[in-house]
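# Structural overview
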Amino acid sequence: MHIIFLNPQGNFDQEDSHLTEHPDFGGQLVYVKELAHAMAELGHNVDIVTRRIRDNKWPEFAADQESYKSSPKTLRILRFPCGGDKFLEKEQLWPHIPELITNMLNFYGDMRPDFVTAHYADGGYGAALTQIKTGIPFTFTGHSLGAQKLDKLGTNKVNWPKMEARFNFSKRIAAERISMQNAARIIVSTGQEKEEQYSHHLYNDAINSSDKSRFAITPPGVNESIFSTKETELDNQIKPKLEAEFGEDARPGIVISSRLDEKKNIIGVLKAVAETRHLSEKAQIILCVRGIECPERDIGKLSNSEQTVLKEILELLATANIRQQTHFLNIGSQLELAATYRFFAQRGSVFALTSLYEPFGLAPIEAAATGLAPVVTKNGGPSEIFADGSGILVDPFVPSNIGQGLMDGLERHYELSQAAMRRVNEVYTWQNTAAGYLSVIENVGTAKKSNTEEEPLKLDENKRIIKYLEGQA
Ligand code: F6P
């Protein structure tokens, strides 16, 4: 089959440029790239369709077409102009999506694809426009929904004008509703994502989150070429540095790797270590934070919200007198993170992720694939991922419960890490994700070529959101 991955935001290239260094180049692009590769390896013709950018600050994205070195020739990156040549943030793309679709369909002519997988609201909106013109069905994978972001950022009727100016929520929510109404299926990573994200009031009468027939639960995979127990050249390069820092101290680590974001609740792990007897003698704390070598010196480089989180961490480390055994590692890439995980896995370490709420939880899966024993929040995806007991689930709001989980994880490291590795290697592979998508595509059926010109889809939900915010008062 000829399948499109429609992902207007960010961009794709052989070198994975800017990945995780820019808000529009996050984990979703890894997901699209890995899944597209897995589909192409099954023999399908796969196109990743995105926006062409001719901007000397973003030179990697100027070509109309590109292929990955490591992939089958049946996988292409196709870039179509829309909204001019300069880079535009994802929040500014909405008025240009129709132009992207027009240029894409002109390129395909009669050689139209059989199916579209749409990613994020801009992909979903584009796929709905494509379906109106051609009858080609699509799946919608939200990755992240605007309603949760609107709530999480504390949007209310007073700050609405400022929030709308910055995030264009009215366009995004409208695009998400159009995507949910018109997609043949909505792909989610866990049952919780379906129940908790798609049940938001702002999606009422666009989707019924309890209607199982509208959804397919297909979890993402882990990139096992990066996250595995197999050592690489990089392991040998960084081992001397880690030995120098940790050599004498043979204690296992409590490894934490996440953004300095309040919802990740790093402070919960530190409170647990401070409060749990013997835990601070048994283990040291390893905090992997991009860009932070020495927090007291580097804190000024961070955003205000990150500084707030880090200040609270430093204060607790000082009052609990555990600053000495807390090491901040500035990890530059996923490859370096995997090598660091392996170093600590070999010393019987655990991976702690105690987010207040974690929609899915790819990080603990990646850590488990390297041999770390997962001790993770029970709120969200991890409770499904480690439902078989291969990870320890803790209540992120109760430090003593986190402490007990960490002690348990350290004591049972070998048994747990083996079980977690088995679980990940069996279930969370991109081949499994591809099989999940393909069974949906076979079930839905492919293109019904029809040229029905219908009413163009309107993109504005301002009134609905204002009404919702008034109800929030
Ligand atoms: O595509 C870049 C990205 O970071 C994705 O990884 C993620 O799905 C999305 O943006 C998050 O966007 P937002 O924070 O606006 O929900």
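Structure shown above.
Residues numbered from 1 in each chain as written. Predicted model: local features only at pLDDT ≥ 70, side-chain atom pairs only at ≥ 80, totals over all residues. Heavy atoms only, no water.

Our focus in this paragraph is the site of the ligand. If you check the shell around the ligand, you find 13 residues, and the closest are Gln9, Pro23, Gln28, Ser144 and Arg172. At 3.5 Å from an oxygen atom of the ligand is found a main-chain nitrogen or oxygen belonging to aspartate 24. Here an oxygen atom of the ligand and a side-chain polar atom of lysine 149 are 2.9 Å apart. Computed on the free molecule, the ligand has an accessible area of 400 Å², of which 83% lies beneath the protein chains in the complex. Here the shell around the ligand is built from residues that sort into 3 nonpolar, 6 polar and 4 charged. (Near = heavy atom within 4 Å. Polar contact = N/O pair within 3.5 Å; in protein donor to acceptor, adjacent residues only side chain to side chain. Areas by Shrake-Rupley, 256 points an atom, 1.4 Å probe, with all protein chains shown as cover. Nonpolar A, V, L, I, M, F, W, Y, C, P; charged D, E, K, R; others polar.)

Here we take up the pattern of salt bridges. Throughout the structure, instances matching the rule amount to 27 salt bridges. One salt bridge in this structure joins glutamate 195 and lysine 194, with 3.2 Å as the shortest N-O distance. Since its relative accessible area comes to 42%, glutamate 195 is described here as partly exposed. For aspartate 298, the salt bridge goes to arginine 297, with nearest N and O atoms at 2.8 Å. In this structure arginine 297 comes out as exposed when scored by relative accessible area, which is 57%. Several salt bridges share partner residues, and in doing so they unite Arg52, Arg54, Asp64 and Asp85 into one network. (Salt bridge = Lys/Arg side-chain N within 4 Å of Asp/Glu carboxyl O. Buried < 20%, exposed > 50% of the residue type's maximum accessible area, 1.4 Å probe, protein only.)

This next bit is on the environment of phenylalanine 360. On the secondary structure map, phenylalanine 360 appears in the loop between strand E12 (350-353) and helix H14 (362-369). Judged by relative accessible area, phenylalanine 360 falls into the buried class, the value being 10%. Along the primary structure phenylalanine 360 and glutamate 193 are separated by 167 residues, whereas in three dimensions their C-alpha atoms are 7.5 Å apart. The contact partners of phenylalanine 360, leaving out residues within four places of it in the chain, are Ser189, Thr190, Pro219, Pro220, Ile365, Gly381, Pro382, Ile385 and Tyr428. (Helix = DSSP H or I, 4+ residues; strand = E, 2+ residues; numbered from the N terminus. Contact = heavy atoms within 4.5 Å.)

Among the secondary structure elements, serine 349 is positioned in the loop between helix H13 (334-345) and E12. Beyond its immediate stretch of four places on either side in the chain, serine 349 contacts Pro252, Gly253, Val255, Phe344, Leu372, Ala373 and His413.

Right, let's talk about the pairing of strand E9 (residues 253-257) for a bit. Burial analysis of E9 places 5 of its 5 residues in the buried class, which makes it a mostly covered element. Burial along E9 is two-sided: Gly253, Val255 and Ser257 and Ile254 and Ile256, pointing in opposite directions, are all buried. Direction of pairing for E9 relative to strand E10 (residues 284-288): parallel, over a ladder of 5 bridges. Opposite isoleucine 254, over in E10, you have isoleucine 285 as the bridge partner. As paired elements, E9 and E12 share 2 bridges and run parallel to each other. Within E12, the residue paired with valine 255 across the bridge is phenylalanine 351. (Pairing = 2+ DSSP bridges.)

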